[in-house]
Structures are given as structure tokens and as C-alpha cells.
Amino acid sequence: MSSGWHRPRGTLADGEDAVRLTPGDAGWERVGLRVLSLRPGGSEVLRMGEFEGFVLPLSGGCVVEVGGERFGLVGRESVFTRVTDFAYVPRDSHVRVSTEHGVEVAVPMARCERRLSPGYGPAEDVPVEVRGAGNATRQVTDFGVPGAWDRADRLMACELITPGGNWSSYPPHRHDHTCEVANEEVYYFRIAGRDGVTPSREGFGFHRTYTGDGEVDEHVLVRDGDVFLVPRGYHGPCVAAPGYPMYYLNVLAGSGPQRSMAFCDDPAHTWVRDTWAEREPDPRCPVTSAREGTVR
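Residues numbered from 1 in each chain as written. Predicted model: local features only at pLDDT ≥ 70, side-chain atom pairs only at ≥ 80, totals over all residues. Heavy atoms only, no water.

(A) Region of the structure containing the sheet that holds strand β21 (residues 246-254). Sheet architecture is open: 7 strands sit in the order β1-β19-β16-β21-β13-β12-β11, paired in antiparallel fashion. Looking at the sheet topology across the chains shown, the edges are occupied by β1 (6-7) and β11 (128-131). As paired strands, strand β16 (residues 183-191) and β21 are joined by 9 bridges and run antiparallel to one another. Each bridged residue has a counterpart across the sheet, and for E185 the counterpart in β21 is L252. (Pairing = 2+ DSSP bridges. Helix = DSSP H or I, 4+ residues; strand = E, 2+ residues; numbered from the N terminus.)

Put into C-alpha cells, the structure is as follows:
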């Protein structure tokens, strides 16, 4: 049964956002995502309303002005070249994003209750984890998760890079009612072309989301710019086709008493984690750091 949770990238008119997802569009309560591009010399004002967010450069750099603060984000050539710096912007704020040389930014967001202070996250302080082993090795960049960024009310976000031919989001896991948390989650995919750096629709990968009762069982081909919504159920694996590294931005938020990334494995496959201690990680990970491919 198809759930309609896969949102392939559409054909855009000039000036349209690459992604503009609201909770109403997704059919849930909290999580939203906007991806927009600004030409050299361009600017945009974001009115956050009841949403908090991160301003995360995907390519290029920008200046973020919010609440009397001004943050210069150095950015990066692409999501496959460098860990980026970012800004946190609170609810009920007007945020001006401007750029000298052009920029593409993601704005993951969550409906929240508390208005917190704006903040700047330097790339050098972002934790980078190599997770898994063998062909299940991937990089997890924990820029906006509890413990790494605690100055958010509901919003959580991280980036993953999976080298070509590898599996990630594995073993399959869930963040909903059978666990201690109930989070909505977005996957936003970028797929590198044959140079391993430049996002391209030439490459592809696969993603699966399912429930134990079979009501949802989606295994879809994903390309650069696609979005997948996960309101419930096990998700994983995400598989990068050989030759085409896969990036995805995970955005999560829930309505429970704690901001938590807790998850529960599918019990049929959790044993795979125990095998990683006996295998070497893929030497291609970590793929990026804060020191490479700087864009100014």
C-alpha cells in the first residue's frame, strides 16, 4: 500500500523554493522544511511565526540577521565537501538572509512553544561521527541534536553522508509510539553525480519505510532533491547506488515532554549492530570535516 510519503522533486518555476513543506502539507503537527536559493546579491526575509528553525547552507555562504544579531555563515561548495556552520533562529522572529555570491540554504523548522535566543553554530564545533562498519558505514553530522545543540525547544536535525554502494539508516528503526518518544521525521535527499561532489539527478538511491502490520511498505527510488516523510513506522535502509554518494538531512520534532532522538530497532534486524565490532569501518568515512572545501 502506498502512503504518499515520498515527495519527488518537482519542476520549479523561476524564483520558487526547491522545497516548501509545512506541517499542514505533511498531515502532522510539528515539522516543516524550506529549501531556497538566492542569486548573487540576493536576500530574503523569513517570518518564522510559531516555528523555530536552523539556517543551514547547502552550497555557498550567507549572512543571517535576526533579533539584533548578525551571523556570517561561511558555508561550503556542496554538502559533499565540508561540514558547515549554521544559525539557530527562534519563533516569532523575522530573519533576513543575504548573500554576496549566491547561496542555497535549508531551513529545517518545528512548531514550538518557547521563544529562545538566536544562536550561531561554528562548523569547528559540530560533532562528526562514523557509524556502522563495512558496507553499512556512514557519516553522521550531529549539528542540531540534543547534547550538541541544546538551545532549541522542539527542533532536532542532523546530516548523513553515505558513500556510494553503502547502506545507512540501518538496522531499520522507528521514533514513534512503540518507543519512549513520538517524533515526526523528514528525510531530504541530495545525491552526488559522478564527480562525487556536485548534486545531480543522474544518481539515485533507495529508501524503505514500513510498519509491522504491512499497512505501510514503501521501497522507493530517490533522486537528488526528493523528500520522504516518516510520521510512523520503521525506516531504513537508505542505500546509495555504487558511484553516487548520498546525503540526507534529517529533521525531527515531537510533542512529548523531552527533546529526544531515541529510537527502537526492528527486533528482526537489530542483531546486525553486534557484527560491527568484528568489521572495519569503510575508510571513505568520514567524508567531510570543518576544514575542507571552505567557501567564502
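(B) Spatial organisation of the nonpolar core. Core analysis: the largest hydrophobic core is formed by 54 residues, its most contacted members being V186 and L249. Sort the elements by how many residues they give to this core and β21 lands first, with 6 residues. Among the nonpolar cores identified, the runner-up in size contains 19 residues, and L36, L38, V95 and M109 belong to it. (Core = buried A, V, L, I, M, F, W, Y, C linked by side-chain atoms within 4.5 Å. Buried < 20%, exposed > 50% of the residue type's maximum accessible area, 1.4 Å probe, protein only.)

(C) Highlighting the layout of surface pockets. Approximately 310 Å³ is the volume attributed to the largest pocket. Forming the walls of the largest pocket are 21 residues, and the residues nearest its centre are R131, H173, H175, M261 and F263. Looking at the lining of the largest pocket, its residues break down into 12 nonpolar, 4 polar and 5 charged. The volume enclosed by the second largest pocket comes to roughly 260 Å³. Along the walls of the second largest pocket sit 14 residues, with R20, R34, R47, M48 and M109 positioned nearest its centre. Breaking the lining of the second largest pocket down by element, the ones donating at least two residues are β2 (19-21), β3 (31-38), β4 (43-47) and β9 (103-111). The element that contributes the greatest number of residues to the lining of the second largest pocket is β4, accounting for 4 residues. For the lining of the second largest pocket, the residue count by class is 9 nonpolar, 1 polar and 4 charged. (1 Å grid on protein atoms, 1.4 Å probe; cavity = no way out; pocket = protein on both sides within 12 Å on 5 of 7 lines; lining within 4 Å. Points joined across faces, edges and corners; volume = space filled by probe spheres on them. Nonpolar A, V, L, I, M, F, W, Y, C, P; charged D, E, K, R; others polar.)

(D) Broad picture of the packing of aromatic side chains. If you walk through the whole model with that rule in mind, you get 16 aromatic pairs. Taking the centre distance of 5.9 Å and the plane angle of 65° together, the rings of F54 and Y88 count as edge-to-face. In this pair, F54 is assigned in strand β5 (residues 51-66) and Y88 in strand β7 (residues 86-89), connecting sequence segments 34 residues apart. Accessibility assignment for this pair places F54 and Y88 in one class, buried. Between F80 and Y247, the ring centres sit 6.5 Å apart and the planes meet at 75°, which makes this aromatic pair edge-to-face. Taken together, the residues span a long stretch of sequence, with F80 in the loop between β6 (69-76) and β7 and Y247 in strand β21 at a distance of 167 residues. Residue F80 shares its accessibility class with Y247, and that shared class is buried. Through successive ring pairs, a cluster of aromatic residues spans F54, F86, Y88, F143 and W149. The positively charged end of R208 is found above the aromatic ring belonging to Y210, 4.0 Å away from the centroid. (Phe/Tyr/Trp six-rings, centres within 6.5 Å; stacked < 30°, edge-to-face > 60°. Lys NZ or Arg CZ within 6 Å of the ring centre and 35° of its normal.)

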